[in-house]
Every structure is written in C-alpha cells, then in structure tokens.
Amino acid sequence: MSDIYTNNYVIVAIFLILGVLLPVATVSFVGPLLRPKKPTREKQTTYESGNIPVGDSWVRFNVKYYIFALMFVIFDVETLFLYPWAVAYKELGLFALVEMVIFISLLIIGLIYAWRKKVLEWN
C-alpha cells in the first residue's frame, strides 16, 4: 500500500519539476536562439499607437485610476457568479436564494462604501 502513495508523490514531484523547469528553460535558452535579434533605434522606442512618443515613458499616474480599475474588475468578476446561480436556481431552492441575496447585499454595501469615499469620481 505504501508503494501506491510513494508512486503518487513521485508523479507529483515530476510534474512540479517539469512545471518549473520547462518554462525557465524555454525563456532562458530556447527563446534567445529562436527570436530574431536585430535591435534598431526604432524598435527600442516606446510604442504609442503609431504616434511619435512625447516625453518620458516613466510617468506617474494618480492612484485613483488603479483603484477605479480594481473596482471595475471586482464588480465585473463578481457578477460572473450570478450566471451559474441563475442556471441552477430551480435545483438549489430557497437556500441558494438567501445566499444570493446576502452576496448581492454585500456587493451593494461595497458599492455604497466606495461611493461615499468618492472612489468612483473621475477627475
């Protein structure tokens, strides 16, 4: 019986080693051999949708932009949880309805909190 468990650990160890070793080997050794290596000044400039770059590429952005983007991602991803619930609503019954009401109310509380903190204002 212990051979079965040892065999499972060996298989997991092999997959972990391969999972780390293959990407590292690909990026380190195979990539530089296969990619074209002809650097020019044009290729090393910052790309701005075909426009000529203006100013430094290391510009600091206001933190509000990142917070706004995170809020969008959070609420967007959370609405994805509504779809499986809607599909399986008949089988889940009243318990699922109560759970979804709690879930949506937490989302609404988070939205009200962000609104009061003026995170959603775009200046």
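Small disclaimer: the values here were computed from a predicted structure and weren't measured. (Residues numbered from 1 in each chain as written. Predicted model: local features only at pLDDT ≥ 70, side-chain atom pairs only at ≥ 80, totals over all residues. Heavy atoms only, no water.)

(A) Inspection of the packing of helix α2 (residues 63-80) against helix α5 (residues 94-116) at higher detail. In the contact formed by α2 and α5, the axes pass within 12 Å of each other and the chain directions differ by 165°. In this view, α2 runs roughly antiparallel relative to α5, as classed from their interaxial angle. In this structure, α2 crosses over α5, and the sense of that crossing is left-handed. Of α5, the residues touching α2 (which contributes Met71, Phe75 and Glu78) are Phe103, Leu107, Gly110, Leu111 and Ala114. (Axes fitted to C-alpha atoms, helices over the stretch in contact; angles between N-to-C directions. Helix = DSSP H or I, 4+ residues; strand = E, 2+ residues; numbered from the N terminus. Parallel < 35°, antiparallel > 145°, perpendicular 65-115°, else oblique. Left-handed = near helix turned anticlockwise from the far one by under 90°. Contact = heavy atoms within 4.5 Å.)

(B) Up close: the UniProt feature "transmembrane region" (unreviewed entry) in the chain. This chain's UniProt record puts "transmembrane region" (unreviewed entry) on residues 12-34, 65-86 and 92-115. Helix and strand shares over residues 12-34 are 100% and 0% respectively, and the end C-alpha atoms of the span are 31 Å apart. The distance separating the terminal C-alpha atoms of residues 65-86 is 33 Å; by composition the span is 95% helix and 0% strand. (UniProt positions renumbered as here; feature names shortened; annotations may be inferred.)

(C) Seen up close, a nonpolar patch on the surface. Taken together, the side chains of Tyr89, Leu94, Leu97, Val98, Val101, Ile102, Leu106 and Ile109 present a nonpolar region at the surface, about 740 Å² in accessible area. Residue contributions to the nonpolar patch peak at seven residues, all from α5. One can find Tyr89 in helix α4 (residues 89-92). (Patch = residues over 30% accessible without salt bridge, like charges linked within 9 Å, V, L, I, M, F, W, Y side chains within 5 Å. Areas by Shrake-Rupley, 256 points an atom, 1.4 Å probe, with all protein chains shown as cover. Salt bridge = Lys/Arg side-chain N within 4 Å of Asp/Glu carboxyl O.)

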